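# Results of the structural survey
Listed below are the residues making up each chain.
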Amino acid sequence: MNNLEESKTFVASLESLEPMRDFVSQTGSNAGLNKKQIYGLCIAVDEIATNIILYGYQNSGIDNGLINIHTIFEKENFTVILEDSSTPFNPLETKIPDENELGLPLEERKIGGLGILMAKESVDEFRYEYKDGKNFNIFSVRPNDD
Amino acid sequence: MEVTLKLEANLVIITIEGSIDGNTSGELQMQIMGKISESDNVILDLSKVDFISSAGLRVLLMVYRQIKVKNGKVVLVGISEEIKDVMSMTGFINYFQITDSIEDAQNIFKS
C-alpha cells in the first residue's frame, strides 16, 4: 500500500472546526477507515482543537494563531497530528472524570475534562509531544480493525 | 446548524439539523433555552444531527437540568450509532429516553 501524507493549515478559530473535521473525514475515508473510526478522529480533532483555540491561543491573547493538521497513512496506522504554537499544554495530564463521576446523576455532574475523555476514548492511541516551541497532539487508528 | 421549534401542550419539540460543536452550541443554547422555560417536557429530534462534541453535550445537560427541576422528561429522537457511543462513554445515555421517531416520543407523553 502506498504511503499517503496530507497537510492543511487552519486559522485557530471555532469556525475552523467544521472544515477541520471535513479534512480529516476526507483523508480518513481515502485511507479506508470505517465510519466509526472517522467519527472518532473527528471527535478527537474537534475536542483538542477547541481547547487549543480557546485556551491555547485566545486566553493567552495570541491573535492570528494557526493549527496545522497532518494526516499520515502508513503500514497499519492512520495518524492525525495537530500542530500549534500556542501555550504548552499536555491534555493527557488533565484530570478526566473517573467511573464514579461518570455514574453520578446528571444534575451533580461536573463538566470539566469531558472533551479530553471523549478524545481519548475515540481513538486507538493518543500521544502528546512538545518540541521546538510547538504542541503536537497525535491520534492514531488502525484501519484494518473493526 | 438549523433549529426548528414547535410548542405543543406542555411540550416543546426541537428539531436540529447539522453539527453541534464549539462553534454552534452557543447559538443553539440561545435559540432553545427560552422556549424550554415555557414547557415541562422536551423532545429533541437529533435525527439530522451528524456530529455532537462535548460542547453539544453541555447544551443537553443544560436542557436536562431545566426540565428535571420541573419533573419533566427529555426525549432524544433518532440519534446515530456514533452519537450513541459518545453518550455511552460519557454516561449521558442513562439520563435520557431515546426513541427512533417523533411519534414514539410523543406517545411517551400521551400514555
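Relevant structure appears above.
These numbers come from a predicted model, not from an experiment.

Turning to the overall build of chain B, a few remarks are in order. Secondary structure assignment for chain B yields 4 helices and 5 strands. Against the globule reference of 13 Å for 111 residues, chain B gives a C-alpha radius of gyration of 13 Å, in line with a compact fold. Expressed as a percentage of its 111 residues, the buried residues of chain B come to 53%. Put simply, 71% of the contacts in chain B that link residues at least 6 apart link residues at least 24 apart. Within chain B, one finds 10 positive and 15 negative side-chain charges whose respective centroids are separated by 9 Å.

Bringing the nonpolar core into the picture now. Counting 70 residues, the largest nonpolar core has I67(A), I69(A), F139(A) and F96(B) as the members making the most contacts within it. With near-sequence residues (within four places) excluded, F139(A) lies in contact with L41(A), A44(A), V45(A), I48(A), F78(A), T79(A), V80(A), L82(A), V123(A), E125(A) and F126(A). Judged by nonpolar contacts, the second largest core, of 8 residues, contains I13(B), V75(B), V77(B) and A105(B).

This paragraph deals with the packing of helix α1 (residues 25–37) of chain B against helix α2 (residues 54–68) of chain B. Residues and elements named next belong to chain B. Interaxial distance between α1 and α2 falls to 10 Å at its minimum, and their mutual angle equals 10°. The angle between α1 and α2 places the two elements in the roughly parallel class. Contacts between α1 and α2 involve S25, L28, Q29, I32, M33, I36 and S37 from the former and A55, G56, V59, M62, V63, Q66 and I67 from the latter. Its residues assigned to classes, the contact of α1 with α2 comprises 9 nonpolar, 5 polar and no charged.

With that out of the way, let us pick up the environment of F96(B). Mapped onto the secondary structure, F96(B) falls in the loop between α3 (81–89) and β5 (97–99). For the pair F96(B) and M30(B), spaced 66 residues apart in sequence, the C-alpha to C-alpha distance is 21 Å. Discounting chain neighbours no more than four positions away, the residues touching F96(B) are L106(A), L60(B), Y64(B), V74(B), L76(B) and M87(B).

Moving on, we get to the packing of aromatic side chains. For the coordinates displayed, the defined rule picks out 6 aromatic pairs over all chains. Ring pairs connect the aromatic residues Y64(B), Y95(B) and F96(B), which therefore count as one cluster. Directly above the ring of F51(B) sits R21(A), whose terminal nitrogen or CZ lies 4.1 Å from the centroid.

Residues and elements named next belong to chain B. Strand order in the open sheet formed by 5 strands is β1-β2-β3-β4-β5, with mixed pairing between adjacent strands. Looking at strand neighbours, the two that pair on one side only are β1 (2–8) and β5, the edges of this open sheet. Looking at each pair of strands side by side, their axes are set apart by 20° on average, direction ignored. The sheet strands contacting helix α4 (residues 102–110) are β1, β2 (11–20), β3 (41–52), β4 (74–77) and β5, and the helix crosses β3 at an angle near 155°.

Quick look at the pattern of salt bridges now. Scanning the model with the defined rule gives 11 salt bridges over all chains in all. For E129(A), the salt bridge goes to R127(A), with nearest N and O atoms at 3.0 Å. A relative accessible area of 28% places E129(A) in the partly exposed class. For R127(A), a relative accessible area of 35% gives the class partly exposed. In this structure, the salt-bridge partner of K6(B) is E8(B), at a minimum N-O distance of 3.7 Å. Judged by its relative accessible area of 31%, E8(B) falls in the partly exposed class. Each of E125(A), R127(A), E129(A) and K131(A) takes part in a single network of salt bridges with overlapping partners.

Along the polypeptide, D21(B) turns up in the loop between β2 and α1. Excluding residues within four positions of it along the chain, D21(B) makes contact with L17(A), E18(A), R21(A), D46(A), F51(B), S53(B) and A55(B).

Residues and elements named next belong to chain A. In spatial order, the strands read β1-β2-β3-β5-β4; together these 5 strands make up an open sheet with antiparallel pairing. Every interior strand has two partners, whereas the edge strands, β1 (4–11) and β4 (125–131), have only one. Here the average twist between neighbouring strands, direction ignored, is 15°. In terms of strand pairing, strand β2 (residues 66–74) meets strand β3 (residues 77–84) through 8 bridges, oriented antiparallel. Paired with I69 across the strands is L82, a residue of β3.

Residues and elements named next belong to chain B. Look at α1: 18 Å from first C-alpha to last across 13 residues, which is about the 18 Å you get at 1.5 Å a residue. Along α1, the largest kink reaches about 25° and is centred on Q31. Three or more residues of α1 are buried, namely S25, L28, I32, M33 and I36. Tucked inside the fold, the buried residues of α1 contact β1, β2, β3 and α2.

Rules and cut-offs
- Throughout, residues of each chain are indexed from 1 in the direction in which the sequence is written.
- Whichever chain is written first is A, and whichever ligand is written first is 1; the rest continue in order.
- pLDDT decides what is reported in this predicted model: residues at 70 or higher carry local features, side-chain atom pairs at 80 or more are listed and counted, and totals for whole chains, interfaces and linings draw on all residues regardless.
- In computing side-chain properties, one takes all heavy atoms of the structure into account and sets aside hydrogens as well as water.
- Only DSSP runs of H or I covering at least 4 residues are called helices, and only runs of E covering at least 2 are called strands; the numbering of each starts at the N terminus.
- Put simply, the radius of gyration uses C-alpha atoms, and a globule should come to 2.2 Å times the residue count raised to 0.38.
- Summary of the burial criterion: residues with accessible area below 20% of their type's maximum are buried, those above 50% are exposed, and those between are partly exposed, where the area comes from a 1.4 Å probe applied to protein chains only.
- By definition, residues are in contact when any of their heavy atoms lie within 4.5 Å.
- Only four residue types enter the tally: Lys and Arg on the positive side, Asp and Glu on the negative side, with His and both chain ends excluded.
- To locate a charge, take atom NZ for lysine, CZ for arginine, CG for aspartate or CD for glutamate.
- Take the buried residues of types Ala, Val, Leu, Ile, Met, Phe, Trp, Tyr and Cys, join any two whose side-chain atoms come within 4.5 Å, and each joined set is a nonpolar core.
- Between N-to-C directions, angles cover 0 to 180 degrees, with each direction set by a line fitted to C-alpha atoms, over the stretch in contact for helices.
- These descriptions rest on fixed angle ranges, namely under 35 degrees for roughly parallel, over 145 for roughly antiparallel, 65 to 115 for roughly perpendicular, and the rest for oblique.
- Amino acid classes used here: Ala, Val, Leu, Ile, Met, Phe, Trp, Tyr, Cys and Pro are nonpolar; Asp, Glu, Lys and Arg are charged; the rest, including Gly, are polar.
- Any two of the Phe, Tyr and Trp rings considered here, Trp counted by its six-membered ring, make a pair once their centres fall within 6.5 Å; the pair's planes then place it as stacked at under 30 degrees, edge-to-face at over 60, or tilted in between.
- Two conditions define a charge located above a ring, namely a distance within 6 Å from the ring centre to NZ of Lys or CZ of Arg, and an angle within 35 degrees of the ring normal.
- Pairs of strands are assigned from DSSP output, requiring at least two bridges between the strands.
- Any carboxyl oxygen of Asp or Glu that lies within 4 Å of a side-chain nitrogen of Lys or Arg is treated as forming a salt bridge with it.
- Working rule for helices: expected span equals 1.5 Å times residues minus one.
- A residue's bend is given by the angle between axes fitted to the 7 residues ending at it and the 7 residues starting at it.

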